[in-house]
Amino acid sequence: MNIQNKIMHSLIMMMVACSMSGEAGKEVLVVADSGIQDKGFGAERVTSDFVLTDPAALDPVSADPFTSDPIPTDSGIIDPILTDLNVFDPGATDTGSSGTCGSLVAPDISACCKSCGSGWSCQANGCYNGWWCNLDTCKCQKPPDPAACGGHDSGPSADPGASNPDSGSGGPVQGTKLSNLKFAVVGDTRPPNIDDTYGYPTAVITKIWKEIAAVHPQFVISTGDYCFANKDGNQAAPQMDMYLQAESAFSGTVFHVMGNHECTGFTDSNCGPGNKDGMPVNYKTYLAKMVTPMGFSNPWFSQFYVATDGSWTAKVVVIAANAWNEAQASWLDAELSVPTTYTIVARHEPWSVSTAPGVEPSNQIIARHPYTLLVVGHTHTYRHNPSQRELIVGNGGAPLTGDFNYGYVIVERQEDGTLQVAEFDYDTNAVQDRFVVRPDGSLVQ
Amino acid sequence: MIGWPMPLTFRILPLAIVLGACRSPPRLAVQVDKNLPANGETVIGAGGLLEFRLAVPHASAAITCDGETNEEDWITIAARTGAFVDAVSQRPSIPHSEARFLWDDKAFYLLLYAADIDIRACGGASGPEPGDDVFFFSVVTDGGVELNAVFSASGAVWGVVRRDGQPEQKWKPSALGVESDGTLNDPEDDDEEWVVEAAIPWDILDIRPGRDTVLRIALKRCDTPKFATTRCGSWGEDFAGRVTGVVELQ
């Protein structure tokens, strides 16, 4: 008899014994008084069937506006379809900081742009990070081609932090060119107890990031919960520093999804100006360490990608369900309205966790648009829910609740246009689960 | 030496029988989850058994057993078991469980942590039901006092104390708090964790605590995840079910 059977056998025998003793009038066991508390984090299950608004739009060739007319990503031209999107261009170039170029105004000249959010050093033209203001649209964009403007200095800047995102007020947008779509997903890396920095799962997340770096994904989505800290205490920063230290093994772009622990810790919390939980230290720390360095000013943002051969496009749309407001709702609807071959929506809470303020509203918006995968965390395990095209990746170091060991996911586009999703055990590197989806998210059997 | 877990109303297994169940010493060393800090050491104890020893510090301030871990001592100085392990493979068990210990002049304090995707606690006065999520706890003193208890996620505790030559005595903690992050007995959603904070008064163990006081402790947590079979992880127990956890008050 193995140990588990032995335990259950003992448990059953104990109950039998207890029952017998009860029958005999000899009370052996007692129920102690307790101070049970329920934080009310429980989630209600929500089920929904998706109705694609336009299934034809999922055709990777015919419905893709970029296939026949790829975005000229290096020219500085703004694609009208993609304007007013909160994205950045890692391939932006720095043309200079003075003068004008047609309707474009350099950083040191006062202009009509208003792209500067809180936490950014605003230029005279209303942009930041060296970007220029387009007087025709009052929107910022990357510096113009120096050859077209009489010889401004230029230099490549592959650092996403050198880009000029705009959180809703418009900005230059282009898809970053990729030779293939290959990205990783990791999520939920908090200690078991609040402020337990000593118990941070450093070894797990360090190993995970080294393994991710070794497979060279083009970007990584981290699904949130980088800390477990008192919302206004001083432990969020050291815990996030531990996370970022582990993450430093990977030099590429990382999209840091906001988790409930980046707000107050409660799943029903809602941070941000004007929201009920305001700006606790955890939230501000997250913004400072994980959002603004990426070039974003809000915890919701997106990025567009274009195949170098123009054969496909993709977008990653990151939702902050614990910083939910109407502005984000409008932004999300607009982002998801832009047709791309692949749409990866990322959020911390899964579809069914309706206690998070932004889950049900964003579910409704998501359901109105085509998408390939909804990448989430929150639940400390790995799971694929085909009915919602949902991929739960929450086994990044937080105490495991399900059947899977700590690990991460690699998503890679195949030659036939499908995406292969593989979940890896961080300890053995063995694939624990694998499936393939079409661009519309349907499962390839 | 006792076997573990055991029915609460069963007698202690004779040492000879326990040893007879496993003639050779365990080949697998006790391992602590390398990903979680623990402040213990593994030593070869009496009878060739591998023992896992923890030094348990005195609390610097009062512990309020409310299920919250907001006392700084739980974070900074408490003895940590690290992740419970599967008794056979000695690998960290899934779902994750761990425990911490403190003491003061009044009691020995337990902090039990259980990650749990589906918190179940259906047991009533007669005991837990099959599939309930529980911690088994056993402590044995040099004075021959043995306390066995089962802690449920609902806050129910079923416990007995045995003393040599005396009838069993029912027991409950002098203070207990359970906090759950999730919904009890609702498999339709995903839960997160539950925490037990309990005080075991010294008088029930017939102990006047002091530095170098030694207790033998075993802990086991059993869980039945959704769509899966019951799995257990333990600390202070070898694969033959013997108590191998030794805590020494500091």
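What counts, and at which threshold
Residues numbered from 1 in each chain as written. Chains lettered and ligands numbered in written order. Predicted model: local features only at pLDDT ≥ 70, side-chain atom pairs only at ≥ 80, totals over all residues. Heavy atoms only, no water. Helix = DSSP H or I, 4+ residues; strand = E, 2+ residues; numbered from the N terminus. Axes fitted to C-alpha atoms, helices over the stretch in contact; angles between N-to-C directions. Parallel < 35°, antiparallel > 145°, perpendicular 65-115°, else oblique. Left-handed = near helix turned anticlockwise from the far one by under 90°. Contact = heavy atoms within 4.5 Å. Nonpolar A, V, L, I, M, F, W, Y, C, P; charged D, E, K, R; others polar. Disulfide = S-S within 2.5 Å. Buried < 20%, exposed > 50% of the residue type's maximum accessible area, 1.4 Å probe, protein only. Expected span 1.5 Å × (residues − 1). Core = buried A, V, L, I, M, F, W, Y, C linked by side-chain atoms within 4.5 Å. pLDDT = per-residue confidence, 0-100. Pairing = 2+ DSSP bridges. Phe/Tyr/Trp six-rings, centres within 6.5 Å; stacked < 30°, edge-to-face > 60°. Salt bridge = Lys/Arg side-chain N within 4 Å of Asp/Glu carboxyl O.

1. With respect to unusual backbone geometry
A cis amide bond links I94 of chain B with the next residue in sequence, P95 of chain B, at an omega value of 5°. The topology assignment puts P95 of chain B in the loop between β3 (79-80) and β4 (97-103). One non-glycine residue, H378 of chain A, lies in the positive phi region at around 75°. Relative to the helices and strands, H378 of chain A is located in the loop between β13 (373-376) and β14 (382-385). Phi angles above zero are rare outside glycine, and Q90 of chain B is one such case at about 60°. Relative to the helices and strands, Q90 of chain B resides in the loop between β3 and β4.

2. Quick look at the packing of helix α3 (residues 236-247) of chain A against helix α4 (residues 281-291) of chain A
All names here are of chain A. Where α3 contacts α4, the two axes come as close as 10 Å, and the packing angle between them is 30°. The angle between the axes of α3 and α4 places the two elements in the roughly parallel class. The interaxial crossing formed by α3 with α4 has right-handed handedness. Residues A236, A237, M240, D241, Y243 and L244 of α3 touch α4, and the partners they reach there are N282, T285, Y286, K289 and M290. A class-by-class count of the residues in the contact of α3 with α4 yields 7 nonpolar, 2 polar and 2 charged.

3. Remarks on the state of the cysteines
Tallying each qualifying case throughout the model produces 2 disulfides over all chains. Disulfide partner of C263 of chain A: C271 of chain A, at an S-S distance of 2.0 Å. Because the torsion about its S-S bond is 95°, the bridge between C263 of chain A and C271 of chain A counts as right-handed. Neither C263 of chain A nor C271 of chain A differs from the other in exposure class; each is buried. Across a sulfur-sulfur distance of 2.0 Å, C222 of chain B and C232 of chain B are joined as a disulfide pair. Between C222 of chain B and C232 of chain B the sulfur-sulfur dihedral comes to about 105°; the bridge is accordingly right-handed. Of this pair, C222 of chain B sits in strand β12 (residues 214-223) while C232 of chain B sits in strand β13 (residues 231-235), and the two are 10 residues apart along the sequence. No difference in accessibility class separates C222 of chain B from C232 of chain B, as the two residues are buried. Of the cysteine sulfurs around C122 of chain B, a residue in no disulfide, the closest is that of C222 of chain B, at 16 Å. Overall, C122 of chain B belongs to the partly exposed group, its relative accessible area being 38%.

4. A word on α3 of chain A
Over its 12 residues, α3 of chain A runs 16 Å from end to end, which matches the ideal 16 Å to within 8%, given 1.5 Å per residue. Against β7 (182-186), α2 (202-214), β8 (219-222), β9 (253-256) and α4 of chain A lie the buried residues of α3 of chain A.

5. A look at the nonpolar core
Among the nonpolar cores identified, the biggest contains 86 residues, and L181, V186, W209, F219, I221 and F255 of chain A are the most heavily contacted of them. In terms of residue count, α2 of chain A provides more of this core than any other element does, 6 residues in total. F137, F151, L205 and L249 of chain B belong to the second largest nonpolar core, which has 41 residues in total.

6. Brief notes about the confidence of the model for chain A
Residues and elements named next belong to chain A. Counting all residues, the mean pLDDT for chain A is 76, and 68% of those residues have values of 70 or more. Across residues 1-97, confidence stays below pLDDT 50; counting only partners more than four residues off in sequence or on other chains, it has 268 contacts. Between residues 150-173, whose pLDDT stays under 50, and residues either more than four places distant or in other chains, the model counts 82 contacts.

7. Overview of the sheet that holds strand β18 (residues 431-437) of chain A
Residues and elements named next belong to chain A. Across the sheet, which stays open at both edges, the 6 strands sit in the order β9-β8-β7-β16-β17-β18 with mixed pairing between neighbours. Among the strands making up the open sheet, the edge pair consists of β9 and β18. Strand-to-strand, the axes of this sheet are offset by a mean angle of 20°, without reference to chain direction. One ladder, built from 4 bridges, connects β7 with strand β16 (residues 407-413); its direction is antiparallel. Bridge pairing in β16 links A184 to I410. Contacts between α2 and the sheet are confined to β7, β8, β9, β16 and β17 (419-425), with β7 contributing the most and set at about 175° to the helix. Across the sheet, α3 lies against β7, β8 and β9, angled at about 150° from β9, the strand it touches most.

8. A closer look at the side chain of S93 of chain B
Looking at the secondary structure, you find S93 of chain B in the loop between β3 and β4. Setting aside residues up to four positions removed in sequence, S93 of chain B forms contacts with F84, V85, D86, C232 and G233 of chain B.

9. What about the packing of aromatic side chains?
Pairs of aromatic rings are described using the distance from one ring centre to the other and the angle between the two planes. Residues and elements named next belong to chain A. One pass over the structure, following the stated rule, counts 21 aromatic pairs over all chains. On the basis of an interplanar angle of 70° and a centroid distance of 5.5 Å, the ring pair of F219 and F255 is categorised as edge-to-face. With a gap of 36 residues between them, F219 in strand β8 and F255 in strand β9 connect regions that are remote in the sequence. Residue F255 is classed as buried on the basis of its relative accessible area, which comes to 1%. Seen in terms of ring centroids, W312 and Y342 are 6.1 Å apart; in terms of plane orientation they differ by 70°. Their pairing is edge-to-face. Remark: Y342 occurs in strand β12 (residues 342-346) and W312 occurs in the loop between β10 (301-307) and β11 (313-318); sequence separation between them is 30 residues. Per residue, the accessibility class of W312 equals that of Y342, and both read buried. These aromatic residues form a ring-pair network of at least three members: F183, F219, F255, F296, F301 and Y305.

10. As for the pattern of salt bridges
Counted according to the given criterion, the structure contains 22 salt bridges over all chains. For R162 of chain B, the salt bridge goes to E146 of chain B, with nearest N and O atoms at 3.0 Å. Of this pair, R162 of chain B sits in strand β8 (residues 157-162) while E146 of chain B sits in strand β7 (residues 146-152); the two residues are 16 residues apart in sequence, bridging distant segments of the chain. As far as the burial class goes, R162 of chain B and E146 of chain B line up, both buried. For D238 of chain B, the salt bridge goes to R242 of chain B, with nearest N and O atoms at 2.8 Å. Salt bridges sharing common partners tie together D196 of chain A together with R80, E98 and R100 of chain B.

11. Here we look at the sheet that holds β12 of chain A
Residues and elements named next belong to chain A. Read across the open sheet, the 7 strands follow the order β6-β10-β11-β12-β13-β15-β14; overall the sheet is mixed. Each end of this open sheet is capped by a strand with a single partner; those strands are β6 (176-178) and β14. Strand-to-strand, the axes of this sheet are offset by a mean angle of 20°, without reference to chain direction. Where β14 meets strand β15 (residues 390-393), 4 bridges bridge the pair, whose relative direction is antiparallel. Residue pairing across strands places H384 opposite L391, the latter belonging to β15. Here helix α5 (residues 326-337) sits on the sheet in contact with β10, β11 and β12, set at roughly 165° to β11.

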